[in-house]
2 protein chains.
Amino acid sequence: MSDNQKIYVVGHKNPDTDSICSAICYAELKNKITGEAHEAKRAGNVNEETQYVLDYFGVKAPVFLENAENEKVILVDHNEMTQTVDGVKNAEIMEVIDHHKIGDISTDVPIYFRNQPVGCTATIIYQMYQENNQEVTKEIAGMLCSAIISDTLMFRSPTCTPVDKEIALKLAEIAGINVEEYAVAMFKAGSNLADKTPEEIFYQDFKKFNVGDVNFGVGQISSMATDELFEIADRLKPYIAKACEEQGLDMIFFMLTDILEESTNLIYAGAKAGEFVEKAYGVPCEEGDYYKLAGVVSRKKQLIPAFMAALQ
Amino acid sequence: MSDNQKIYVVGHKNPDTDSICSAICYAELKNKITGEAHEAKRAGNVNEETQYVLDYFGVKAPVFLENAENEKVILVDHNEMTQTVDGVKNAEIMEVIDHHKIGDISTDVPIYFRNQPVGCTATIIYQMYQENNQEVTKEIAGMLCSAIISDTLMFRSPTCTPVDKEIALKLAEIAGINVEEYAVAMFKAGSNLADKTPEEIFYQDFKKFNVGDVNFGVGQISSMATDELFEIADRLKPYIAKACEEQGLDMIFFMLTDILEESTNLIYAGAKAGEFVEKAYGVPCEEGDYYKLAGVVSRKKQLIPAFMAALQ
């Protein structure tokens, strides 16, 4: 690793809008305020929701980073080894900017690690623009605002804090968008699933977790159309059973989240997965082999903490 | 855990001046800016350097927290399970404010975790007073300034950043102290060892680390008097051999750091400890059975990273 080596800013695998947009915007901020060269990278394919955002604001997607070995990296929007780009174990982690539970990243030397319990990494990135007195352009505002709308399901998720909403509304003004209209179009682009294979839908937003000796994965798709969610469930079920086996996971869950109804239908794979959901939530299996989790829309703030508690 | 339960702010075991003073000052800040009740606690005895600071500014030492089980805690100045108060595994960690390498704290939910690569936690606490527009009283300034002088060996340690020094000088003005004179008196109080048992000296500043299946501990004492350090070395040697065995550690190291000469004499215990130092530093064992590490004064920034590299 040379000292003038470029520093890559990268979000989690199966990147969502926050992971892509926060990486782009933070790399730009770091380039403005430091003497070092930073470049945003992506740890997977850009999904259709994110592509809509990038197209809308005329921004090019970051280049794919296949392996981070021997690179210098700043991790945004995650701090779990299971979610990070391959090779990070042998990379130099320079910083972590995130808004999730504290995971298992460790370093040999002190670094800047900033995790805030807010709804979106983009909220923190905006605060850092402010703290460093840097101008937020229309494009930066648009990307950060989109990430907040996406992560908070347009302020409906319990992960959303007053700070997220306040910042998103400020950013919407700079970006020149009407939040409600823009959100509908953006979510629609993201749940445009007719042409997709189950595999493509599955990997749009899938994260792995490890607790003790239990390895499990949780995917999620959010939609404003209830009917569509049932149709997707039917198409995904055989696929997640296969994925669970192929990836050697104990359990896989997939959250089909209804944004308007603020609830989730949970499908699952793995021998003990059904029993586990019943333990965590105390709800029965519905006809059609899924669990209805009323009021649950957030993987991070609702599902994962309930699962962690049930695993302990 | 009830919702109006007091939140304890606590530093690491074998607390140093930063762990005690940052806990007191951060608890006070949190009481000012939140509706919740916070109280500083200590995870071990107050050492003589810290007692000098508290006496100088007329501040009472925090109460000892023997076990954090079922408590709500904010951890300052550490983020390693081996260094934290007993029972934290079953406590609710609300925040972490630190300036060390990223360790092994994990949580079930998102929390505020702020780690900055600066010389002292107190530097970060001062920044938080500024960010929240809170007055820094003479007592708060004195404690934070003392912690910075202590952790950075009066700005001589490589862990010291320009920000630490700038903030310490500002704080010294508010506290009404002359940094050089105050530092000499403070360090002298801390290395006033004539009346102490080897055990007392050893536990003034001792931390445990775990890498893979290797468990080791590193203690440190800093002094402005070279002769004194040799005398302490002779008294400590039999004790660390005993401590290593009793605590079931693979290796123990003790840094006898000469602040003026900016070097460390390293004594050790454990079957493979000597060989290990030679691997990490490529220096021979000196007559009198210690290793001379020229230029090494910081456990955090110099010794631990070199040890981590040698262990991998």
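Since we're looking at a predicted model, the values are computed, not measured.

**Some details on the overall build of chain A**
Scanning chain A for helices and strands turns up 10 helices and 11 strands. Compactness check: chain A gives a C-alpha radius of gyration of 19 Å against a globular reference of 20 Å for 312 residues, within 12% of the reference. Dimensions of chain A, computed from C-alpha atoms along their principal axes, come out at roughly 60 × 45 × 35 Å. Counting every position in chain A, which comprises 312 residues, the buried fraction comes to 60%. Once local pairs closer than 6 in sequence are excluded, the contacts in chain A between residues at least 24 apart make up 65%. Entry remark: accessible area of chain A is about 12600 Å², with carbon and sulfur atoms responsible for 46%.

**Observations concerning the sheet that holds strand β10 (residues 263–269) of chain A**
Residues and elements named next belong to chain A. In space, the five strands of this open sheet follow the order β7-β8-β9-β10-β11, with mixed pairing throughout. Edge positions in the open sheet fall to β7 (206–211) and β11 (291–294), since each of these has one partner strand only. Strand-to-strand, the axes of this sheet are offset by a mean angle of 25°, without reference to chain direction. With eight bridges joining them, strand β8 (residues 214–223) and strand β9 (residues 251–258) adopt parallel strand pairing. Its bridge partner lying in β9, F216 is registered against M251.

**Quick word on the packing of helix α1 (residues 17–33) of chain A against helix α4 (residues 138–151) of chain A**
Residues and elements named next belong to chain A. Orientation of α1 relative to α4, taken along the N-to-C sense of each, is 150°, at an axis distance of 9 Å. Taken as axis vectors, α1 and α4 run roughly antiparallel relative to one another. The interaxial crossing formed by α1 with α4 has left-handed handedness. Residues T17, D18, C21, I24, C25 and E28 of α1 lie in contact with α4, whose contacting residues are I140, M143, L144, S146, A147, S150 and D151. Taken together, the residues that form the contact of α1 with α4 break down as seven nonpolar, three polar and three charged.

**Description of the domain arrangement of chain A**
Residues and elements named next belong to chain A. Annotation of chain A at the domain level lists domain 1 (7–187) and domain 2 (198–311). On a C-alpha basis, the centroid separation for the pair domain 1 and domain 2 is 25 Å. Across the boundary between the two partners, domain 1 contributes 18 residues, which contact 21 residues of domain 2. Of the roughly 1800 Å² buried where domain 1 meets domain 2, counting both sides, 60% is carbon and sulfur surface.

**Observations regarding unusual backbone geometry**
Here A:E262, not a glycine, exhibits a phi torsion of approximately 55°, which is positive. One can find A:E262 in the loop between β9 and β10. A residue is classified by how much of its surface remains accessible, and A:E262, at 32% relative accessible area, is partly exposed. With a phi close to 50°, B:L153 is a non-glycine residue in the positive phi region. In this structure, B:L153 sits in the loop between α4 (138–151) and α5 (162–175).

**Regarding the interface of chain A and chain B**
Every contact between the two is made by 22 residues of chain A and, on the other side, 22 residues of chain B. Taken together, both faces of the contact between chain A and chain B bury some 1900 Å²; the carbon and sulfur share is 61%. Looking at the side of chain A facing chain B, the largest losses of area belong to A:I102, A:D108 and A:P110, adding up to 33% of the total buried there. Applying the counting criterion to the chain A and chain B interface returns zero salt bridges. Where chain A packs against chain B, one counts six residue pairs in polar contact (both at pLDDT 80 or more). Every element with two or more residues in the side of chain A that touches chain B is listed here: β6 (112–115) and α10 (299–311) of chain A. With four residues, β6(A) is the largest single contributor of residues to the side of chain A that touches chain B.

About the thresholds
Residues numbered from 1 in each chain as written. Chains lettered and ligands numbered in written order. Predicted model: local features only at pLDDT ≥ 70, side-chain atom pairs only at ≥ 80, totals over all residues. Heavy atoms only, no water. Helix = DSSP H or I, 4+ residues; strand = E, 2+ residues; numbered from the N terminus. Rg over C-alpha atoms; globule rule 2.2 N^0.38 Å. Buried < 20%, exposed > 50% of the residue type's maximum accessible area, 1.4 Å probe, protein only. Contact = heavy atoms within 4.5 Å. Areas by Shrake-Rupley, 256 points an atom, 1.4 Å probe, with all protein chains shown as cover. Pairing = 2+ DSSP bridges. Axes fitted to C-alpha atoms, helices over the stretch in contact; angles between N-to-C directions. Parallel < 35°, antiparallel > 145°, perpendicular 65-115°, else oblique. Left-handed = near helix turned anticlockwise from the far one by under 90°. Nonpolar A, V, L, I, M, F, W, Y, C, P; charged D, E, K, R; others polar. Domains from an automatic or database assignment. Buried area = accessible area lost by both parts, 1.4 Å probe. Salt bridge = Lys/Arg side-chain N within 4 Å of Asp/Glu carboxyl O. Polar contact = N/O pair within 3.5 Å; in protein donor to acceptor, adjacent residues only side chain to side chain.

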